[in-house]
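Okay, here's what each chain looks like letter by letter:
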Amino acid sequence: MTAPDVDPPEATAPPRAPLTRPAPSRSLAPLSLLMRDVAIARALLAQQRQTGASRASVDEARAQVVAALTSYTAALAARQLPVPYALRDELRLQLRIPKNR
């Protein structure tokens, strides 16, 4: 008695679509790069404030600080790491400062 000829499952399975990776989110970026973004945004805000730039420029720089801090804290949370109190407080403070009109 011989076994019937059966094709291996790989031969009869439909072809698979190639796996594609979604673009990595900012929360998966290395923490060092995200902290660099925070430092750059802080420096820009300080420069705008010290040079007497327009209110709109200061608001834009502040928005960049908020975005950088938000990305960094999200990355920490994604890695289940604690957010330092100083960063948490800085983000809250920046969010509460009203935009100048």
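In case you missed it, the structure is sitting above this.
The rules we used
Residues numbered from 1 in each chain as written. Predicted model: local features only at pLDDT ≥ 70, side-chain atom pairs only at ≥ 80, totals over all residues. Heavy atoms only, no water. Helix = DSSP H or I, 4+ residues; strand = E, 2+ residues; numbered from the N terminus. Expected span 1.5 Å × (residues − 1). Buried < 20%, exposed > 50% of the residue type's maximum accessible area, 1.4 Å probe, protein only. Contact = heavy atoms within 4.5 Å. Axes fitted to C-alpha atoms, helices over the stretch in contact; angles between N-to-C directions. Parallel < 35°, antiparallel > 145°, perpendicular 65-115°, else oblique. Left-handed = near helix turned anticlockwise from the far one by under 90°. Nonpolar A, V, L, I, M, F, W, Y, C, P; charged D, E, K, R; others polar. Core = buried A, V, L, I, M, F, W, Y, C linked by side-chain atoms within 4.5 Å. Polar contact = N/O pair within 3.5 Å; in protein donor to acceptor, adjacent residues only side chain to side chain.

Here we look at helix α3 (residues 55–78)
Working note: α-helix, 3.6 residues per turn, so residues spaced by three or four point in the same direction.
Alright, step 1. Relative to the 34 Å expected for 24 residues at 1.5 Å per residue, α3 spans 34 Å between its end C-alpha atoms, a close match to the ideal helical length.
Alright, step 2. Taken as a whole, α3 has its buried residues at V58, D59, A61, R62, V65, V66, A68, L69, Y72, T73, A75 and L76.
Alright, step 3. Here the buried face of α3 lies against α2 (31–50) and α4 (85–96).
Alright, step 4. In the stretch just after α3, Q80 is the one whose phi turns positive, near 60°.

A short note on the packing of α2 against α3
Alright, step 1. Relative orientation of the contacting elements α2 and α3 amounts to 160°, with a least axis distance of 8 Å. Taken together, the axis directions place α2 and α3 in an arrangement best described as roughly antiparallel. Like other packed secondary-structure pairs, α2 and α3 cross with a definite hand, here left-handed. In this structure, α2 contributes L31, L34, M35, D37, V38, A41, R42, L44, L45, Q48 and R49 to the contact, and α3 contributes S57, V58, A61, R62, Q64, V65, A68, L69, S71, Y72, A75 and L76.
Alright, step 2. Among the residues forming the contact of α2 with α3, the class breakdown is 15 nonpolar, four polar and four charged.

Observations concerning unusual backbone geometry
Alright, step 1. Notably, Q80 is not glycine yet its phi reads approximately 60°, a positive angle.
Alright, step 2. Structurally, Q80 is set in the loop between α3 and α4.

Some details on the packing of α3 against α4
Alright, step 1. As a packed pair, α3 and α4 sit with axes 10 Å apart at the nearest point and diverge in direction by 145°. For α3 against α4, the interelement crossing comes out left-handed. In this structure, α3 uses R62, V65, V66, L69, T70, Y72 and T73 to contact α4, whose residues at the interface are L87, E90, L91, Q94 and L95.
Alright, step 2. When the residues that make up the contact of α3 with α4 are grouped by side-chain class, the tally is seven nonpolar, three polar and two charged.

A closer look at the nonpolar core
Soluble globular proteins tend to bury their nonpolar side chains together.
Alright, step 1. Membership of the largest hydrophobic core comes to 16 residues, with the highest contact counts inside it found for L34, V38, L45, V65, L69 and Y72.
Alright, step 2. Listed by contribution, the elements that provide at least two residues to this core are α2, α3 and α4.
Alright, step 3. Tallying contributions element by element places α3 first for this core, with nine residues.
Alright, step 4. The residues contacting L69, other than those within four sequence positions of it, are V38, R42, L87, E90 and L91.

Describing the environment of R88
Alright, step 1. Among the secondary structure elements, R88 is positioned in helix α4.
Alright, step 2. Taking the C-alpha atoms as reference, R88 lies 7.8 Å from T73; in sequence the two are 15 residues apart.
Alright, step 3. Within the structure, the side chain of R88 is placed 2.9 Å from the side chain of D89, a separation counted as a polar contact.

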